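Geometric and topological summary
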Amino acid sequence: EVQLVQSGAEVKKSGESLRISCKASGYSFTTYWIAWVRQLPGKGLEWMGIIYPGDSNTRYSPSFRGQVTISADSSITTAYLQWNSLGASDSAMYYCARCPSTTLQPLYVDYWGQGTLVAVSS
Amino acid sequence: DIVMTQSPDSLALSLGERATINCKSSQSVLYSRNNKNYFAWYQQRPGQPPKLLINWASTRESGVPDRFSGSGSGTDFTLAIRSLQAEDVAVYYCQQYYSTPHTFGQGTKVEIK
């Protein structure tokens, strides 16, 4: 059974750093992409970026490039989303999501994590 | 970036009625080499992560009821729910995966009247 289990909710202060995780199981971690999607409170889905753990190929949305870092550790089948300095506007639900690929290009999301709620106070 | 625009933003229908949601992309998501539309629909029920309903514009994901159907090509797509059920109350999102960033529409909220 494919599972993406995300780390628990976080409460942080502006300026602090944070890394949230997404533990994958039930499939070959290195042959699927992992995307991160943000959902602000009461708002829609925003695609942040994606990584292919097989070769660490990473792509970012221009809206998030430089604001976050996406990484993966294949030895423990875990993907990460990291901030060096959080702001109040980063308060949101963050989902990791598995994407199959064709010719090494990422496709739609077929499995979603349960989400990690991040709250940042100023 | 490819911009995805859904309409309407919300709709309220009676049980058993047909729901239609539209999505328009700012450029074609039809890949000419394989004649496939790189386009998906997702359902997000309250308090839950999204769930894939349809990929390749019209292929229903395994386990999705057949009252859900997708159509369209190029830049214009439609999600239809043939006979609205109570469990269909959700926000529906379209997404293109033709090019990164894989942008989503703003969502359409479906409620029961």
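Refer to the structure printed above.
Here's what I pulled together on the structure shown here. (Residues numbered from 1 in each chain as written. Chains lettered and ligands numbered in written order. Predicted model: local features only at pLDDT ≥ 70, side-chain atom pairs only at ≥ 80, totals over all residues. Heavy atoms only, no water.)

Describing the overall build of chain B
- Each helix and strand in chain B was counted, giving 0 helices and 12 strands.
- Taking 113 residues into account, the globule formula puts the C-alpha radius of gyration at 13 Å, and chain B, at 13 Å, falls close to it.
- For chain B, the spread of C-alpha atoms along the three principal axes comes to 40 × 25 × 20 Å.
- Put simply, chain B has 113 residues, and 45% of those count as buried.
- Pairs at least 24 apart in sequence give 55% of the contacts found in chain B among residues at least 6 apart. (Helix = DSSP H or I, 4+ residues; strand = E, 2+ residues; numbered from the N terminus. Rg over C-alpha atoms; globule rule 2.2 N^0.38 Å. Buried < 20%, exposed > 50% of the residue type's maximum accessible area, 1.4 Å probe, protein only. Contact = heavy atoms within 4.5 Å.)

A few points about the overall build of chain A
- When its secondary structure is counted, chain A shows 0 helices and 13 strands.
- Sequence-ordered secondary structure for chain A, helices as α and strands as β, is β-β-β-β-β-β-β-β-β-β-β-β-β.
- Radius of gyration (C-alpha) of chain A: 14 Å, near the 14 Å computed for a compact globule of 122 residues.
- Oriented by its inertia axes, the alpha-carbon framework of chain A measures out at about 45 × 30 × 25 Å.
- Residues counted as buried form 49% of the 122 residues belonging to chain A.
- The contacts in chain A between residues at least 6 apart in sequence include a share of 56% that link residues at least 24 apart.
- With the model as given, the accessible surface of chain A reaches about 5400 Å², and the carbon-plus-sulfur share is 47%.
- If the 9 positive side-chain charges of chain A are averaged to one point and the 8 negative ones to another, these points end up 4 Å apart. (Areas by Shrake-Rupley, 256 points an atom, 1.4 Å probe, with all protein chains shown as cover. Lys, Arg positive; Asp, Glu negative; His and termini not counted. Charge placed at Lys NZ, Arg CZ, Asp CG, Glu CD.)

A look at the packing of aromatic side chains
- Per the stated rule, a full pass over the model turns up 17 aromatic pairs over all chains.
- Their ring planes at 85° and their centres at 5.1 Å tell us that Tyr27 of chain A and Tyr32 of chain A sit as a pair that is edge-to-face.
- When the centroid spacing of 6.3 Å and the interplanar angle of 35° are considered together, the rings of Phe68 of chain B and Tyr92 of chain B count as tilted. Here Tyr92 of chain B lies in strand E11 (residues 90-96) and Phe68 of chain B lies in strand E9 (residues 68-73), a separation of 24 residues in the sequence. Accessibility assignment for this pair places Phe68 of chain B and Tyr92 of chain B in one class, buried.
- For Arg19 of chain A, the ring lying beneath its charged end belongs to Tyr80 of chain A, and the centroid distance is 3.8 Å.
- Sitting over the ring of Trp56 of chain B, Lys36 of chain B keeps its end group 4.5 Å from the ring centre. (Phe/Tyr/Trp six-rings, centres within 6.5 Å; stacked < 30°, edge-to-face > 60°. Lys NZ or Arg CZ within 6 Å of the ring centre and 35° of its normal.)

Comments concerning the sheet that holds E9 of chain B
All names here are of chain B.
- Sheet architecture is open: 4 strands sit in the order E1-E3-E10-E9, paired in antiparallel fashion. In this open sheet, the two strands that pair with only one neighbour each are strand E1 (4-7) and E9. Between one strand axis and the next, the sheet turns by 20° as a mean value, whatever way the strands run. (Pairing = 2+ DSSP bridges. Axes fitted to C-alpha atoms, helices over the stretch in contact; angles between N-to-C directions.)

Considering the interface of chain A and chain B
- Counting residues at the interface gives 19 residues for chain A, matched by 20 residues for chain B.
- On the surface where chain A and chain B come into contact, there are 0 salt bridges.
- On the surface where chain A and chain B come into contact, there are 6 residue pairs in polar contact (both at pLDDT 80 or more).
- The element contributing the most residues to the side of chain A that touches chain B is strand E5 (residues 45-52) of chain A, with 3 residues.
- In the side of chain A that touches chain B, the residues fall into 10 nonpolar, 5 polar and 4 charged. (Salt bridge = Lys/Arg side-chain N within 4 Å of Asp/Glu carboxyl O. Polar contact = N/O pair within 3.5 Å; in protein donor to acceptor, adjacent residues only side chain to side chain. Nonpolar A, V, L, I, M, F, W, Y, C, P; charged D, E, K, R; others polar.)

Some remarks on the pairing of strand E7 (residues 69-73) of chain A
- Note that E7 of chain A and strand E8 (residues 78-83) of chain A share 5 bridges and pair antiparallel. Bridging from a neighbouring strand, Thr69 of chain A pairs with Gln82 of chain A of E8 of chain A.

Brief notes about the pairing of E8 of chain A
- With 5 of 6 residues buried, E8 of chain A is to be regarded as a mostly interior element.
- Between E7 of chain A and E8 of chain A, which pair antiparallel and follow one another directly, the connecting turn spans 4 residues, one of which, Thr77 of chain A, has a positive phi of 45°.

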